Each structure stands twice: as structure tokens, then as C-alpha cells.
Amino acid sequence: MSKKVGIARAHTNIALIKYWGKRDKDLFLPMNSSLSLTLDAFYTDTKVVFDDSLTADEFYLNHQKQSEKENQKISQFLNLFREYTGERTYARVDSLNFVPTAAGLASSASAFAALALATATALGLEISREELSTFARRGSGSSTRSLFGGFVEWDMGTSSADSMAHPIDDASWDIGMIILAVDTGKKKIASRVGMEHTVQTSPFYPMWVETAAQDLKEIKAAIAQRDFERVGQLTEHNGMKMHATTLSANPPFTYWTADTVRAQDAVRQVREDLGLPAYMTMDAGPNVKVLCRASDMERLVNGLTEYLPTEQVLTSLPGCGAYTLSDADWQESQGTFSRGGDHD
Ligand code: ADP
Ligand code: DP6
């Protein structure tokens, strides 16, 4: 009996310049390049065991055996590695989300980054992180960026071989993020479905692609100059434009709820009350993320909790890139999970 084991942790990331739309659905090639901030507070731990006694791949998320559909998604992802390395055995995948699943808090990003690194580790695949991100991409586009820490760019590339992520800046200059988790339930429209419908039907979509390229150029310059306010302004503007494409899709849809709008109002009110820079962005879900200076976070949180329930106001500092875990770390992770250390 032979077993090959890999365990890894990857943090979620929140896009400041969004990935929204694919030019190739099968290869997960995006319409535009994107840029994100990796978050320390939310992550996924994943263990992969290739085992020659298995007769099929098995996938457990948060200790629960997953549906055939979810299982197949994982199998297809593992096939990419099997084809590349010549591995012939099936694997058991165990994953723990320390982030709500499918709530627009980027569980798919940390998930496929952790799975890619754990799989590569199990199979002894020695490739660069950038190249590993081309594998992660095929599970979920945003996961490319979770292999790295701080500010990370996913370059749309020209082909499957060069559509990859790379680190831009470690974000160690007083950067923080407040998460207004107004609803952590499962979203109704997956990002994948929402972006496809938007590409196909929104007359605003071509403008999205054009202006996202300009936003990216400008935010990279602002990051290089450590111009926080400019980074924030570009973040807020870009996020709003992404959501304008959903409202202009046909039929139209939105990821926002009344609570989203209430949280956005609270951000506007608090930044006016306190005179502090704070910029919001939303993903494919109802929750609001606020980019701020880490040193302003406490005052902003105090301000926001005057308008929103305390338990909905979470904070994070920038996170590091994905890394491998030992068996002892994995045991510890399971302990943390069972003590309710997850955010589900
Ligand atoms: P989110 O905003 O959480 O990223 P998505 O709809 O984009 O929401 O992705 C959620 C999907 O990602 C889940 O339905 C599941 O298919 C997949 N996923 C989430 N967590 C894991 C995990 N730990 N391992 C493998 N797949 C996962
Ligand atoms: C709004 O990476 O979840 O969060 O590649 O189809 O799995 P798939 O989509 P996914 O989409 C993320 C969309 C977003 C913006 C972003 O993270 O860049």
C-alpha cells in the first residue's frame, strides 16, 4: 500500500481590481487582469492523500462528504496534476474552511490555492509558485492570487501557460480590511454563473474590460507610491463598476441585499463622521469589505458598530502566501475547527 500526502494552508483574498468574466471557460482565462489583497483572518486547510487502495476520489469539506457534483469538480482538478505527473492513483481530499463557504468571502480562492499546493506537495511536483497558479486557476480563477501574500496581480496572459499570478507588494505599510459580514449564508448565484451571464448580456461589459485595464495600471502605480487614498479610490470605483454590469445584465440581477446597502451607508456615514479614509468593495455576495489603514481600524470599527451589529464587523490584516503544513499542524487545525474556530 502506498500513500502520498500533502497538506497546505491558503488565505482568502479580496480583489481590489476585480476579475469579472472569462474569455475561455474551460481554461479559466479571464477577460481582464486583476489585483487583490490576501487576508490573514480567513483561510482553508486542505489535506490530500493519493492512496493506491482507493477506487475513486473522495472529497470531504468541513468533515462532511460532498455531493457527486462537488466530488467531480475536485476529481477534474486532480486530473490536471495526474496528467502532468503521470500519477495514476485516486486521492482523498479533506478540507476545512475557516471562512464561510460560498458567501462571497472568497472560499473558492483559498480552497483551490490550498488544494493546488497540497496536491503538488503530495506528488513532489517542483514548479514555481507562478506556474502552480496556472493549475490553481483551473479550479477557480481567484485562487491564483491566494498562492501569494499582500497585494497580488493575476495577469490575464496570452494563453493558459502565462495566465498566472505574481506578488506585487507585501502590503506591510499600514493596510487593513474590515469585513461587514451582513449575511454569511450561501449565495444564490455563483460567481461563475453571474460573470458569464454578465459577459453575454450586459451592454456595459466592453466598457468594464476597457476601464479595468486602466484601473489596474493606476492602482499598481499607487501601490508603488504607497498612496493609500488613491489605492482606495480606485478600489471603490472598480468594485462599483463591476456591480453596474450585473444591474445592466439582461435579465438584471444583483448580489446586494437591503443589508448590503445599509452597510454601505454606514461606511459613508462613518468616514464622514470620523474624517478617516475607508473604501468599500463588494464581491459576488452581499458582504461589504472596507479597505482602510490598519492604524485606523479600531476607530472605524467603533464607528461602524454604532450602525451595525457588532458580530457582523470583522477585521483582518494582510495575509501571507500559501504554505505547507505538517501532520501536527493538521491535527491542531482540526482541533481549532471543532472548537468553532471556523466562521461558518
Ligand atoms: P465564494 O465567494 O465563497 O468563493 P463561490 O461560489 O465563488 O463562493 O465558490 C464557492 C465554491 O467553491 C463552493 O460551492 C465549492 O464548490 C468550492 N469550495 C469552497 N470551499 C472549498 C474547499 N475547501 N475545497 C474545495 N472546494 C471548495
Ligand atoms: C467577484 O474566482 O470565484 O470575487 O473562476 O468561476 O471560480 P471562478 O470564479 P471566482 O470569481 C471571483 C469573482 C470576484 C472578483 C475577484 O475575486 O476577482
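Residues numbered from 1 in each chain as written. Chains lettered and ligands numbered in written order. Predicted model: local features only at pLDDT ≥ 70, side-chain atom pairs only at ≥ 80, totals over all residues. Heavy atoms only, no water.

With an unreviewed UniProt entry as reference, the protein is termed diphosphomevalonate decarboxylase, source organism Streptococcus cuniculi. Here is the UniProt Sequence similarities (unreviewed entry) comment for the protein, exactly as written: "Belongs to the diphosphomevalonate decarboxylase family." (UniProt positions renumbered as here; feature names shortened; annotations may be inferred.)

*Asks:* Explain the overall build of the protein residue by residue, including any values.
*Replies:* The number of helices and strands found in the protein is nine helices and 14 strands. What you see for the protein is a C-alpha radius of gyration of 19 Å, in line with the 20 Å of a compact globule of 344 residues. In terms of overall dimensions, the protein has a C-alpha envelope of 65 × 45 × 40 Å along the principal axes. Within the protein, buried positions represent 56% of all 344 residues. Residue pairs in contact within the protein that sit at least 24 positions apart in sequence constitute 78% of those at least 6 positions apart. As displayed, the protein offers around 14400 Å² of accessible surface, 50% of which is attributable to carbon and sulfur atoms. Side-chain charges in the protein split into 34 positive and 44 negative, and the spacing between the mean points of these groups amounts to 4 Å. (Helix = DSSP H or I, 4+ residues; strand = E, 2+ residues; numbered from the N terminus. Rg over C-alpha atoms; globule rule 2.2 N^0.38 Å. Buried < 20%, exposed > 50% of the residue type's maximum accessible area, 1.4 Å probe, protein only. Contact = heavy atoms within 4.5 Å. Areas by Shrake-Rupley, 256 points an atom, 1.4 Å probe, with all protein chains shown as cover. Lys, Arg positive; Asp, Glu negative; His and termini not counted. Charge placed at Lys NZ, Arg CZ, Asp CG, Glu CD.)

*Asks:* Let's hear about empty space enclosed by the protein: which residues, and what values?
*Replies:* Enumeration over the complete set of coordinates arrives at one cavity of 30 Å³ or more. When contributions to the lining of the largest cavity are tallied by element, the ones reaching two or more residues are helix 7 (258-274) and helix 8 (297-304). At three residues, helix 7 tops the list of elements feeding residues into the lining of the largest cavity. Across the lining of the largest cavity, the residue classes break down as six nonpolar, no polar and one charged. (1 Å grid on protein atoms, 1.4 Å probe; cavity = no way out; pocket = protein on both sides within 12 Å on 5 of 7 lines; lining within 4 Å. Points joined across faces, edges and corners; volume = space filled by probe spheres on them. Nonpolar A, V, L, I, M, F, W, Y, C, P; charged D, E, K, R; others polar.)

*Asks:* Mind laying out the side chain of Arg 82, listing which residues take part and the relevant values?
*Replies:* In this structure, Arg 82 sits in helix 1 (residues 68-85). Those residues within four positions of Arg 82 in sequence are excluded, and the remaining contacts are Phe 50, Asp 57, Ser 75, Glu 87, Thr 89, Tyr 90 and Ala 91.

*Asks:* I'd like to hear about the site of ligand 1, residue by residue, with values.
*Replies:* Lining the immediate surroundings of ligand 1 are 20 residues, of which Glu 70, Lys 73, Ser 95, Ser 107 and Ser 191 lie closest. Measuring from an oxygen atom of ligand 1, one finds a side-chain N or O atom of Ser 107 at 2.6 Å. Notes on ligand 1: free accessible area 570 Å², of which the protein chains cover 91%. At the level of elements, strand 5 (58-61), helix 1, strand 7 (90-98) and helix 2 (107-122) are the ones that each hand at least two residues to the shell around ligand 1. Looking at the shell around ligand 1 element by element, the count peaks at four residues for helix 2. Here the residues of the shell around ligand 1 sort into nine nonpolar, eight polar and three charged. (Near = heavy atom within 4 Å. Polar contact = N/O pair within 3.5 Å; in protein donor to acceptor, adjacent residues only side chain to side chain.)

*Asks:* Which residues make up helix 5 (residues 205-224), and what values go with them?
*Replies:* Taking 1.5 Å per residue as the helical rise, helix 5 with its 20 residues ought to reach 28 Å, and the 29 Å between its terminal C-alpha atoms agrees with that figure. Regarding helix 5, the residues found buried are Tyr 205, Trp 208, Ala 212, Asp 215, Leu 216, Ile 219, Ala 222 and Ile 223. Here the buried face of helix 5 lies against strand 1 (3-17), strand 4 (34-51), strand 8 (151-154), strand 9 (165-169), helix 4 (191-201) and helix 6 (228-247). Looking at the residues trailing helix 5, positive phi occurs at Arg 226, about 55°. (Expected span 1.5 Å × (residues − 1).)

*Asks:* Any details on the sheet that holds strand 12 (residues 288-293)? Residues and values, ideally.
*Replies:* Ordered by their spatial adjacency, four strands build an open sheet running 11-12-10-13, and the pairing between neighbours is antiparallel. Looking at strand neighbours, the two that pair on one side only are strand 11 (278-282) and strand 13 (313-316), the edges of this open sheet. Averaged over all pairs of adjacent strands, the angle between their axes in this sheet comes to 25°, without regard to strand direction. As judged from the five bridges shared by strand 11 and strand 12, these two strands associate in the antiparallel manner. Bridging from a neighbouring strand, Thr 281 pairs with Lys 289 of strand 12. Its contacts with the sheet put helix 8 on strand 10 (175-180), strand 11, strand 12 and strand 13, and the angle it makes with strand 10 is roughly 15°. (Pairing = 2+ DSSP bridges. Axes fitted to C-alpha atoms, helices over the stretch in contact; angles between N-to-C directions.)

*Asks:* Lay out the domain arrangement of the protein with the relevant residues and their values.
*Replies:* Examined at the domain level, the protein breaks down into domain 1 (3-171 + 326-334) and domain 2 (175-316). Here the C-alpha centre of domain 2 lies 24 Å away from the C-alpha centre of domain 1. Contacts between the two partners involve 35 residues from domain 1 and, on the opposite side, 45 residues from domain 2. Taken together, the two surfaces of domain 1 and domain 2 that pack against each other cover about 3200 Å², and 69% of this comes from carbon and sulfur. For the domain 1 face of the interface with domain 2, the top three residues by lost area are Ile 17, Lys 18 and Trp 20, together amounting to 26%. Taken together, the links from domain 1 to domain 2 amount to three salt bridges. Across the pair Glu 196 and Lys 25 runs a salt bridge whose closest N-O atoms are separated by 3.2 Å. The tally of links between domain 1 and domain 2 comes to 15 residue pairs in polar contact (both at pLDDT 80 or more). Ranked by the residues each element gives to the side of domain 1 that touches domain 2, the list is headed by strand 4, at seven residues. (Domains from an automatic or database assignment. Buried area = accessible area lost by both parts, 1.4 Å probe. Salt bridge = Lys/Arg side-chain N within 4 Å of Asp/Glu carboxyl O.)

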